[in-house]
Each structure stands twice: as structure tokens, then as C-alpha cells.
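# Chains, contacts and geometry: an overview
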Amino acid sequence: MTRPLRSARWFGGHDLAGFIHRATLHAEGISRTALAGRPVIGICNSWSELVNCNLHFRGLAESVKRGVLLAGGVPLEFPTISLGENLMKPTSMLFRNLMAMDVEESIRAYPLDAVVLLGGCDKTVPAQLMGAASADVPAIMVTGGPAEPAVFRGRQLGAGTDLWHYADELRAGRMTRSEFDELEAAATPTVGHCNEMGTASSMTSVVEALGMCLSGTASIPAVDAARHRAAEATGRRAVELAVDGPRPSEVLTPAAFDNAITLLMALGGATNVVLHLLALAGRVGVPLSLVRFDELSRRTPVIANVRPSGEHLVEQLHHAGGVAALLKELAPLLDLTAPTVEGQALGELVERASVHDRDVILPLESPLAAEGGIAVLRGSLAPDGAIVKQSAATPALMRHRGPALVFEDVYDVQARIDEPALPVTPETVLVLRNSGPRGGPGMPEWGAIPVPKKLLRAGVTDVVRVSDARMSGTASGTVVLHVAPEAYAGGPLRAVRDGDPILLDVAARRLDLDVPEPEVRRRLEEVGPPTPRYARGWGALYADHVLQADTGCDLDFLRARPGEPAETEPYGLLSGWVGGW
Ligand code: FES
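What you see is a predicted model, and the numbers here were worked out from it, not measured in a lab. (Residues numbered from 1 in each chain as written. Predicted model: local features only at pLDDT ≥ 70, side-chain atom pairs only at ≥ 80, totals over all residues. Heavy atoms only, no water.)

With respect to the secondary-structure elements, Leu 555 resides in the segment after helix H21 (537–545). By relative accessible area, Leu 555 is classed as buried at 0%. (Helix = DSSP H or I, 4+ residues; strand = E, 2+ residues; numbered from the N terminus. Buried < 20%, exposed > 50% of the residue type's maximum accessible area, 1.4 Å probe, protein only.)

Set out below in C-alpha cells:
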């Protein structure tokens, strides 16, 4: 359906406001002819020198602009804050919702008919999707693509997966400091996001399953010229979207979320994506809960042989046919009628794909694992839920009972984890608390507590770990995450004491604290509420409004309100109102 251009409300008027809006762009050398009736396409760029993964986005934005111009639109690039996974402290997740607000308000307040979202590093992609979903102006994403693999001693490395392995080797004394320095020098050879199925690659793959980017583009390597051609094509498509839609709310349907979750499970993808999809669904009013993740996980086999759940990197997945080929293999489990930003149903798009390497994309009938990568747990230790990445866990630990060894926070872990006298055995369950959305704050990726040196030296490579934190999508182990409610919000995790028996049963989807409930309540009363971490600023606003992990850690006032359509227009009047005069 052809829609009147939103930008015409800024540039079409024959009044003082129209004069000022047009004259503002004349200052950039853009003529009145250029603005006359042409769609204005915003390019929302998360480029930053503080975000190495997105450092090639200036070039990608130029390719998007070329596409926009070829299709007869006017491209206008704008920055937002950007979230660098490794440099932001305490965690980029503390700022995901802040970036989403920046994206949302920029889209809404400016004269844009459609938006191209340029995201790559972990939180930049969900933040842009969430912001664009709330603004509900037509939007399409082009992601940055995976970095080239590092090569260390003849082996291609995954950006995080292998680092965790070598870090343990160093701690166990099986690798020297100079070898570790050599690894550091080799670790990041190019721009692009992490190149195994960590959070970034899982999230960018999910964007394709959601129908929010061009089919076949998610896994194109960052340095491949094909990514620039994809950016050009995205710019062209954005101009069509400006006129005919669909809007994000028309693409982000319950079917799209089911497809995205199914893909996530088949990828053995990152646990972080669970949070991002829950939050995104909340932005468009799609009812989604952890229960649905578990239902879809139980029926979806892991068929992507990609690290950390499998063997290969995203580049090999791309050459094997990419996300589109994976979706084609998953077709019996998908809703192929789901609409996409391309204007075609998902099924029509994936029909064109084919699998080129059966060692990377396995047939549905002979998967890596019969069930999806992530299982949702519940029980007396996690009344509102917790998750475990079963595809990257140790099978022998999936049913386990052991005594708790409690760490109050990450500093406590740092101080004690490698103590020779640490009272730990292979049966111990390591518990970390005060690392959730409010306690972290921002739910840092501290959940993969290092295996104590004492155990590593004895040849133990995995123990059960439980926390209210998150975990890097590139990490592995029997790690229970996202325990809700978190300790800082008064969840039972706050009451656990050293030696308390903890029971994990992944098959039964249970996580229990074997301590009588009245005793748990008594202990919670005894310890009382924690002290707030922030008195002012973003931290205080975040702590007051952030929701728990089981709903995706969005701020309560940013979720869609039932029955209310998205607010697509600027707050206040356009015509007859002159900003700045
Ligand atoms: Fe940016 Fe991994 S650090 S995607």
C-alpha cells in the first residue's frame, strides 16, 4: 500500500516551517529539487572508534547511500551511541536500552520515511531493532558481518571460544605467558563481529529469520565485497519500503518470533539472544515467554555445526549456504508465510537457497543434537526461570546434585577462585550472585565462572555453575544463567549458603535448592534488601525500571502498552511550529 511520505510534513509545506526545514538541508548542499517528493532514508550508523567490530560501517554506509540514490531516494546518515562489547564497563548490556531509546527517538523526531540500521557488535543489533520497532517507521537492517578468523599456530580461531580455552590453559600452567602474548597479537586480524556462533552472529542470523534484513546477507564476511553489494541492495529496498512498507510491527509477528527462536535453537546459538528476543517482542506487543523458547527447543534439533556448539566458524556456514540454507533445511519447523522486509514471505525467499556443505549444515534427520541448544529451567532456585545452553554443556553434568560454593560477586570470584585451599571438588556447584540486571548492574557476562585452578590442574574441565548473570555467546560449559528473580531483587539465590545442596536436572527442566522454603524465607529476611548502587543518572533510572531476565531486561516504560498503537509521529506539532527560532 502506497503511503504519503512522512518527510513531506517537514519539507512539503509552503509556510515558515517548510522554509526552515528545507533551508536546513540546503546548508548541506541538498537542493529543493532533491527534496521534492523523494523518500528520505535515514542511515542509522553505529560506527565508532570505540567499537572495533563496527569500524567498517562508514564504508558500508556509503554503499547504502549509493543504493538509496539509485532508487531515487535521499540518504541522510546519522549517528547514535554505539556499544562496544569489550571496552564498555561494567557491561554493554547496561546500555542496550539507552541505545534503543536513542535510536527510537532519533527515528521518530527526524523527517525520515524509512531507516537502514547498521549494526554488528553484540548489543548494537538488538538496540537498533528495539528502537526501530518502537518508532515503527519502515526499517531494514544490514549487519556488519563476521570478522576473518585469526590463525594461531596453524589453527583458525573463533574470537571468543578459543580464547576461553587458552585462558584456562594459561591458568593451568599448560601455556606460557609469551605464547599467550603471541595469541593476543594474532587474535583480531580484521574488522567485523565475532566469528563463531556467539551473541553477535546468533543475533545477526536471527535478524534474517525475523525477516528484518535481505535474505542471504547475515553471514557474508565483513571484508567481502558482497557485503557492500548487500548494503547497496538494502539502500535500494529501503526506498521501496518508504513508500509501500511494511513497518516493523507488520514484520515482527508471532510467526517471525517463532521462526527466530527455531533458528536460534538449531544454531546452538547464544543465550543472550533469548533476552533480546523477549525484549523485542515486548516492544511490539507480541506475547512471548520463556515457555515458548522451551517448547520450540524441544522440537528443534541443532543442525549448524558451528562453534561453540560445533566445529566450524560462521564463514564456513556462509559458504555452506548461509542462514537462508539453514532456514530451508528447517522449513518443516517454520512458519513460511511470515512476512519479511523484502515484501515476500520467508518461504519464498529461502526456497532459492541450497546447502553446499553437509558437514556444516546437517540434515534435520541426522543433527548434532536432537534438541535445541537452550533449555529453560524452573524450580525453587529459579521460580521465574533460568536457562542453560545444553548444546555446549557436559552431558554427564546435566543431571547433578552437589553442594553450593557461593561467591557474593565477581570480585569475590577474582579474589578466591584460584586459592589452593578453595573447598571445591568436581561435585561442587559454583554459585555467583548479585550479577543480574540490577545487581551487576546490567547483567554482565560473568556467568561462566572460571573452573578453579585446583580442579583444572587435576584435569577437570567443567563443573556446574549457577548465577543470575549472563554468559558470552562464545563460552561453553554446564552454566546455568539468567536465574530470575535475581539475588539483588530478593530471589532465592540471595539465600543460598555454602554447602546447600543444589539439584540440576536439565531433562526434567529443574533447578532446585534443597533447603526448606521457610528457611529460605527466614534467611532472606535476615539479610534484608541490598543498598542501591546508583543515586543519580542513567544507572539510577535503569535500576528503578529494568525488568527481570525472564522478560528480557527492557525498561518497564519502553514496552508496548496493550491496545495502544506505536507512536510513529513526533511528540508535538510540525506545521506552524518553528524549532530554534
Ligand atoms: Fe563485538 Fe564480539 S566483541 S561482536
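Turning our attention to the nonpolar core. Counting 120 residues, the largest nonpolar core has Leu 129, Leu 210 and Phe 293 as the members making the most contacts within it. Each residue touching Leu 210, except ones within four places of it in the same chain, is listed here: Leu 129, Val 251, Leu 252, Ala 256, Phe 257, Ala 260, Leu 277, Leu 280 and Pro 339. With 28 residues, the next largest nonpolar core counts Leu 381, Met 398, Val 483 and Val 515 among its residues. (Core = buried A, V, L, I, M, F, W, Y, C linked by side-chain atoms within 4.5 Å. Contact = heavy atoms within 4.5 Å.)

Further remarks concern the side chain of Arg 283. The residue Arg 283 is located in helix H13 (residues 272–284) in this model. At 2.6 Å, the side chain of Arg 283 and the side chain of Asp 554 are in polar contact. (Polar contact = N/O pair within 3.5 Å; in protein donor to acceptor, adjacent residues only side chain to side chain.)

What follows deals with the environment of Leu 513. Here Leu 513 is to be found in strand S14 (residues 510–513). Put simply, Leu 513 and Gly 490 are 23 residues apart on the chain and 15 Å apart in space, counted from C-alpha to C-alpha. Residues contacting Leu 513, with those up to four places away along its chain left out, are Ser 380, Leu 381, Pro 492, Val 496, Asp 500, Pro 501, Ile 502 and Val 520.

A few words on the pattern of salt bridges. Counted according to the given criterion, the structure contains 36 salt bridges. A salt bridge links Lys 65 to Glu 62; the shortest N-O distance between them is 3.3 Å. Here the residue Lys 65 and the residue Glu 62 both occupy positions in helix H4 (residues 57–70), the gap between them amounting to 3 residues, near one helical turn. Its salt-bridge partner being Lys 123, residue Asp 122 comes within 3.8 Å of it at the nearest N-O pair. Both residues of the pair, Asp 122 and Lys 123, belong to the buried class. What emerges from the salt-bridge pattern is a single network uniting Arg 497, Asp 500, Glu 519, Arg 522, Arg 523 and Glu 526. (Salt bridge = Lys/Arg side-chain N within 4 Å of Asp/Glu carboxyl O.)

As a further point, take the pairing of strand S12 (residues 479–484). Most of S12 is tucked away, with 6 of its 6 residues classed as buried. As paired strands, strand S11 (residues 465–467) and S12 are joined by 2 bridges and run parallel to one another. Residue Arg 465 lies in a different strand from S12, and its bridge partner there is Val 479. (Pairing = 2+ DSSP bridges.)

What follows concerns helix H10 (residues 225–244). Between its first and last C-alpha atoms H10 spans 29 Å; for 20 residues at 1.5 Å apiece the expected length is 28 Å, and the two agree. Taken as a whole, H10 has its buried residues at Ala 226, Arg 227, Ala 230, Ala 231, Glu 232, Thr 234, Gly 235, Arg 237, Ala 238, Val 239, Leu 241 and Ala 242. Against strand S1 (40–45), H4, strand S3 (114–119) and strand S4 (139–143) lie the buried residues of H10. Capping the start of H10, Asp 224 holds a side-chain oxygen 2.8 Å from the backbone nitrogen of Ala 226, two or three residues further along. In the segment just after H10, Gly 245 is the residue with positive phi, at about 75°. (Expected span 1.5 Å × (residues − 1).)

A word on the side chain of Glu 232. Looking at where Glu 232 falls in the secondary structure, it is placed in helix H10. Residue classification places Glu 232 among the buried residues on the basis of a relative accessible area of 18%. Within the structure, the side chain of Glu 232 is placed 2.8 Å from the side chain of Arg 66, a separation counted as a polar contact. Once residues within four sequence positions are removed from consideration, Glu 232 is found in contact with Ser 63, Val 64, Arg 66, Gly 67 and Leu 70.

The interhelical angle for the contact between H4 and H10, taken along N-to-C directions, is 40°, at an axis separation of 7 Å. As judged from the angle between their axes, H4 and H10 are oblique. Of the two elements, H4 crosses H10, and the hand of that crossing is right-handed. Contacts from Gly 59, Leu 60, Ser 63, Val 64, Arg 66, Gly 67, Val 68 and Leu 70 in H4 reach Arg 227, His 228, Ala 231, Glu 232, Gly 235, Arg 236 and Val 239 in H10. Split by residue class, the contact of H4 with H10 holds 6 nonpolar, 5 polar and 4 charged. (Axes fitted to C-alpha atoms, helices over the stretch in contact; angles between N-to-C directions. Parallel < 35°, antiparallel > 145°, perpendicular 65-115°, else oblique. Left-handed = near helix turned anticlockwise from the far one by under 90°. Nonpolar A, V, L, I, M, F, W, Y, C, P; charged D, E, K, R; others polar.)

These figures come from the coordinates and say nothing about function on their own.
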